[in-house]
Amino acid sequence: MNSGSMMRKLLIIMIILGAVVIAAIMTMLRPEPPKKERVVLAPLVEVLVLEPMNTRFTIRTQGTVRPRTQTVLSSEVAGAIIEISPKFVAGGVFQPNEVLMRIDPTNYRVAVEQAEALVEQRQIEYSGSAKLLEQGYRAEAEYASAAAALASAKAELVRANKNLARTAIQLPYRGIVRSKDTDLGQFVNAGTRVGVVFATDVAEIRLPLTDLDLAFIDLPNAAAVVQTGKADGPNVTLSAISKGKPVQWRGTIVRTEGVVDESSRVTYAVAQVEDPYRLQTEGVPLPVGTFVSAAIEGRQADGIFRIPRVLVRGSDQVVFVDEQDRLEIRTIQIVRSDSEFVYFRSGGQPGDRVVPTGSGTPSVCRR
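Given the structure is predicted, the values throughout are model-derived calculations rather than measurements.

Caption draft 1: Quick peek at the overall build of the protein chain. Scanning the protein chain from terminus to terminus reveals 5 helices and 20 strands. A total accessible area of about 23,500 Å² is found for the protein chain, and carbon and sulfur atoms account for 53% of it.

Here it is in structure tokens:
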């Protein structure tokens, strides 16, 4: 390599080194930019001012419609079934004292005639014994024996008439047949089940209530019901879907079952609906077995606060703004809540401000 080429390389290296030195000197001589004080801006939040209110709570629960009166029909006498009412089918509606089924009464009519004849005979014997006693020809023991025989014959006649009446199966209320277990021509013994029916005058719904629910409902007092014979319980609105449409029925809480369920720890209140099948009134029927939602009219609560449920953090914490406009988290004592709102008394005062918008995680004290 000649001297000219070497000189060129040295010149290039010197130029690069010179540029680096000049850049370093310029960086060192550059004045520092002026420092600005950092200003922390408080977040702008919207607030909800607490105001006490009076409200009437609605207790929501659910249950299944059941008949108040249901009867398992059984034959009281033995015999063949010779007659069945066309209404004695599942779903059939019958009237009070209507004969639903008749058992062959032949033997029981004969028994009545025999009993009547025996009564006549014992009556003659008793009358004769009484006359002879008056004349002094009979002892009092014979007279007493004749009187006892007459009384026994009359009792047998009563029993025979009762058995004859039992051959006609009927009920003292208007109702609907739930199931039919026998048919025409079948022989039944005393105690044989022949069907199940229920009354249509009143339907009942068992509604489970928690201990917290009971704090807001004026349930009928058992002692007052015994004294007055009336159950002045709260009104209840029942709702269900009937033929694809929402329908409501009105009812009344008439009693509680008086015990706490050991497995679920709830108390059952009983609601009644008059004429559920609308046989005497107009409206949509409420069939037995329907599952309904219930809204019970609760007692009025005074001086409580209500906020949207979404403002509660965790189970019972709410973000407030204090007098110095700082955010703080307080614990409130919730008395009741639903799908939209939370109601509370302790933890806030009238005029306190609640933060209803997102404000991050405040670094504040907690109450």
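Caption draft 2: Here's a closer look at the sheet that holds strand S3 (residues 70-74). Reading across from one edge, S3-S10-S8-S5 is the order of the 4 strands in this open sheet, with antiparallel pairing throughout. Each of the sheet's edge strands pairs with one partner strand only, and the pair in question is S3 and strand S5 (93-94). Sheet topology places S3 next to strand S10 (residues 193-199); 5 bridges connect them, and they run antiparallel. Within the sheet, the bridge partner assigned to threonine 71 lies in S10 and is valine 197.

Caption draft 3: Here's a closer look at the pattern of salt bridges. For the structure shown, the criterion picks out 16 salt bridges. In this structure, the salt-bridge partner of glutamate 125 is arginine 122, at a minimum N-O distance of 3.1 Å. Here the residue glutamate 125 and the residue arginine 122 both occupy positions in helix H2 (residues 106-135), the gap between them amounting to 3 residues, near one helical turn. Classification of glutamate 125 by relative accessible area gives partly exposed; the value is 37%. Residue classification places arginine 122 among the partly exposed positions, given a relative accessible area of 23%. A salt bridge links glutamate 156 to arginine 159; its shortest N-O distance comes to 2.5 Å. In this pair, glutamate 156 and arginine 159 both sit in helix H3 (residues 140-165), 3 residues apart, roughly one turn of the helix. For arginine 159, a relative accessible area of 47% puts it in the partly exposed group. One salt-bridge network, held together by shared partners, links Glu328, Arg330 and Asp352.

Caption draft 4: Structural detail: the sheet that holds strand S6 (residues 101-103). Read from one edge of the open sheet, 4 strands run S7-S6-S4-S9, paired in antiparallel fashion. The open sheet has two edge strands with one neighbour each: strand S7 (168-169) and strand S9 (187-188). Here S6 pairs with S7 via 2 bridges, running antiparallel. Bridge pairing links arginine 102 to alanine 168 in S7.

So, how was this worked out
- Counting restarts for each chain: residues are numbered from 1 in the order of the written sequence.
- The model is predicted, so local features are restricted to residues of pLDDT at least 70 and side-chain atom pairs to those at 80 or more, both for listing and for counting; the totals for chains, interfaces and linings are taken over all residues.
- Only hydrogens and water are removed before side-chain values are computed, so all heavy atoms of the structure are retained for them.
- Helix and strand assignments follow DSSP, with helices taken as H or I runs no shorter than four residues and strands as E runs no shorter than two, numbered in order from the N terminus.
- Here the accessible surface of atoms and residues is derived via Shrake-Rupley with a 1.4 Å probe, and residues count as covered only by protein chains that are part of the display.
- Here a strand pair is declared whenever DSSP counts at least two bridges between the two strands.
- Whenever a carboxyl oxygen of Asp or Glu lies within 4 Å of a side-chain nitrogen of Lys or Arg, that contact is scored as a salt bridge.
- Each residue's exposure class comes from its accessible area (1.4 Å probe, protein chains only) as a fraction of the maximum for that residue type: buried when under 20%, exposed when over 50%, partly exposed otherwise.

Any functional reading would require information that these geometric values do not contain.
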